[in-house]
Amino acid sequence: WALVVADDDTINLVFDDTNGLGRTFEGIGGISGGGATSKLLVNYPQPLRDQILDYLFLPNFGASLQILKVEIGGDVQSTDGTEASHMHNSWEENYERGYEWWLMLEAKKRNPDIKIYSLPWGFPGWVGQGSSSPYGNTTVLADYVVRWINGAKTHYNITVDYVGIWNERPCNNDYVKVLRKTLNERGFQHTLIVASDNGWEFADGLYGDHELANAVHAVGCHYPGTWSSNSAKYVGKALWASEDYSTFNDEFGAGCWARILNQNYVDGLMTATIAWDLIASYYHNLDFFRDGLMTAVEPWSGHYVVNSPIWVTAHTTQFVSVGWKYLNHTAGVGYLKNGGSYVGLVSPTGNDLTIVIETMTHDHSQCIRPGLPWYTVSPQNVSLNLKGHFSKITKLNLWYSQLSFDGKLSNMFTSMGPVQVVNGMVNLTLGLDQIYTLTTLSGGHKGSHPTPPSSHPFPLPYFDDFEGNNLYNEPNNLAQQTGSFEVLSNGSNKFIRQMVMEWPLSWCGAESVGKAVTVIGDSTWDDLFIEIDFQFPTVNASNGIFVAARINQAGCEMDHSQGVFFFITSDNKYSLTRDSRATDEVTSGNLPSPAHTGWHKISLYVQGSKAYGAFDKRDLFAVDLNVHGSPVPGFAGIGTYNYGLADFDNLHIALTP
Ligand code: 147
């Protein structure tokens with residue numbers, strides 16, 4: 001480490017609280033959801049699961065996140081899967097579904113001060129009250145959302161600090177007011193509304209509509225590219241990058257994150273930035289693989305990776321708390337002359353100062369969206385000039401990162417010890433792709449756990465009788481893409497049930513597949529045997545079930561995936577198709593015995609271009625798939641022919657029967 005004596009080229013940066021302060025810092029966070037991004041985290045073996053959660057949430061350890069934003073599950077496909085609604089139907093409520101409740105508890109356990117923010121991506125069909133829009137009856141919608149917030153309080157004693165409207169979909173301003181009113185009436189005055197998780201245009205409507213303006217705390221924009229409109233800046237509301245990042249979590253992703261964490265304020269006056277996603281815990285080959293702050297996609301091996309964005313986050317979160325204030329532009333916040341940026345923040349007492357400097361170069365810090373206009377960064381000498389109350393400061397603790405792109409390991413979040421402040425000045429030589437935190441705080445810690453186990457592919461043969469799951473949770477490793485699968489019990493035996501009975505109010509349209517589908521395993525699987533027991537419940541049953549292999553697309557493309565889909569319907573017929581929509585049929589026929597009552601077994605084996613099917617262990621077909629060229633590999637899966645209940649048990653997957 002070298003301190004370079006200031007010379008003529010030195011750029012003077014003033015940090016001064018004399019003429020007032022900037023906006024209040026409201027936190028850095030991550031999103032679980034939008035959707036099913038934490039799916040594979042839940043059944044990690046201990047203590048590995050706790051270790052991962054420590055890297056995300058434990059203060060003074062890793063990312064030390066200040067906001068956890070979760071999806072309010074709506075039984076809809078919301079990018080990498082569906083998350084369960086607390087009200088699949090209007091007549092029932094359940095606050096034990098899915099994993100967001102568990103995740104919120106784990107976050108709160110580690111940091112009771114973490115802010116909880118919730119947002120729906122889509123809704124069960126009944127919420128529309130006959131309309132294809134969730135705003136068909138805004139009272140019903142507000143009731144549905146506030147029940148979730150009330151559920152968090154009454155079942156888990158979790159206070160929901162922030163709630164949104166409808167992710168990246170049209171905002172209905174009347175609904176925003178109804179939501180505010182409903183929150184107030186039910187004792188949630190302190191749950192603040194962030195709207196509308198889309199562009200900055202929402203801010204325009206706040207001028208001249210006092211009721212709307214009073215209803216919201218912050219204007220939340222997605223992927224702002226550090227920019228905000230003047231209309232947003234002057235409307236008198238907090239501005240949030242309520243979803244941002246979504247970039248592959250290598251060093252380039254870390255560069256993106258470092259740049260926007262500073263520049264979202266420098267450029268756009270945003271005081272909270274939230275990463276999609278919190279943790280990349282969804283199968284390889286689902287959309288936006290590894291666009292999370294860290295990666296945990298192998299519950300079977302326990303392997304996980306603490307990626308560099310975790311340590312980029314720590315540069316701010318370990319030294320700035322929610323409630324601190326940014327300094328004024330020109331007195332501690334701005335761009336560096338030779339490229340890069342700096343932000344100074346001061347504690348509520350006025351005594352503590354934290355400065356974060358980043359020098360990310362253009363080609364090493366592009367985010368997934370929007371495009372990054374060209375700029376250059378070159379090495380520079382800067383002189384930090386502490387004035388006002390900061391002139392009393394005699395030393396600053398220095399934390400340093402150097403992102404590397406030439407195959408060398410990055411040097412992330414290293415404590416460089418204290419640097420002396422001489423005559424109110426600290427001189428630094430800044431290189432490229434570096435982050436510096438200088439702070440009066442003496443905390444800060446680069447946490448570490450033992451090296452996790454090495455990576456392994458999904459193990460075969462695989463068997464699950466679901467007895468190991470908690471009631472109402474999702475089955476392990478089955479990543480639902482449409483519909484919702486839940487562990488239930490008949491008293492002595494656990495099984496899983498597809499719960500969704502009608503088309504939901506979609507987010508991205510995957511539901512047009514018309515079926516409930518859950519996928520498992522490995523998208524590179526080719527020859528495969530899959531077998532499961534099934535039963536049609538006596539009421540509200542689906543009209544068919546299936547098992548499948550080589551499912552080549554999922555997520556928002558679930559409705560045009562290809563593969564080998566073997567259906568059995570409750571009218572005692574079978575069919576084999578090469579697509580998820582069941583339009584491209586290979587063979588079909590009648591079952592030799594009825595399937596519509598009691599438990600039965602369905603088995604599928606695909607080998608090369610051949611497919612073999614059996615019902616209750618009796619062979620039904622052996623056919624050539626007539627695929628051109630070699631078969632496309634993909635996930636295994638199970639599901640229902642249409643929306644409607646169906647039960648499954650004893651899942652068995654192997655390379656051969
Ligand atoms: C966002 C969604 O809100 C997330 O659920 C997740 O899908 C994320 C992945 O990057 O993206 O949705 C967007 C999808 C596309 C654009 C912006 C946001 N886009 O093309 O500008």
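Report on the accompanying structure. (Residues numbered from 1 in each chain as written. Predicted model: local features only at pLDDT ≥ 70, side-chain atom pairs only at ≥ 80, totals over all residues. Heavy atoms only, no water.)

1. Re the environment of Thr138
As a reminder, the rule being used: Secondary structure counts use DSSP, requiring at least four H or I residues in a row for a helix and at least two E residues in a row for a strand, with both numbered from the N terminus. Only protein chains enter the accessibility calculation, which uses a 1.4 Å probe; a residue whose area is less than 20% of its type maximum is buried, one above 50% is exposed, and one in between is partly exposed. Any pair of residues with heavy atoms lying within 4.5 Å of one another is described as a contacting pair.
Within the secondary structure, Thr138 sits in helix H3 (residues 138–156). Classification of Thr138 as buried rests on a relative accessible area of 17%. Taking C-alpha positions, Thr138 is 30 Å from Asp559, a pair spaced 421 residues apart along the chain. Once residues within four sequence positions are removed from consideration, Thr138 is found in contact with Tyr175 and Val178.

2. Here we look at the state of the cysteines
Worth spelling out the cut-off: When the sulfur atoms of two cysteines come within 2.5 Å, that pair is taken as a disulfide.
All told, the structure shown has two disulfides when counted by the stated rule. Two residues share a disulfide in this structure: Cys256 and Cys367, whose sulfurs sit 2.1 Å from each other. Measuring handedness by torsion sign, the sulfur bridge of Cys256 and Cys367 sits at about 100° and is right-handed. A residue pair is termed long-range when its members are at least 10 positions apart, and Cys256 in helix H8 (residues 251–266) and Cys367 in the loop between strand E16 (353–358) and strand E17 (380–386) qualify at 111 residues. The buried category is assigned to Cys256, whose relative accessible area is 0%.

3. A look at the site of the ligand
What counts is decided by this rule: Near residues are defined by distance, with any heavy atom within 4 Å of the molecule or strand qualifying the residue. Distance and chemistry together define a polar contact, namely a pair of N or O atoms within 3.5 Å, with one atom able to donate a hydrogen and the other to accept it when in protein, and with adjacent residues in sequence counting only for side-chain atoms on both sides. Only the protein chains shown count as cover for residues, and all accessible areas are computed by the Shrake-Rupley method using a 1.4 Å probe. Classes in brief: Ala, Val, Leu, Ile, Met, Phe, Trp, Tyr, Cys and Pro nonpolar; Asp, Glu, Lys and Arg charged; the others, Gly included, polar.
Close contacts around the ligand come from 13 residues, with Gly34, Thr79, Glu168, Glu243 and Ser246 the closest. Within the side chain of Glu168, one N or O atom sits 2.6 Å away from an oxygen atom of the ligand. At 2.6 Å from an oxygen atom of the ligand is found a side-chain nitrogen or oxygen belonging to Ser246. The protein chains hide 72% of the 460 Å² of surface that the ligand would expose on its own. In terms of residue class, the shell around the ligand is built from five nonpolar, five polar and three charged.

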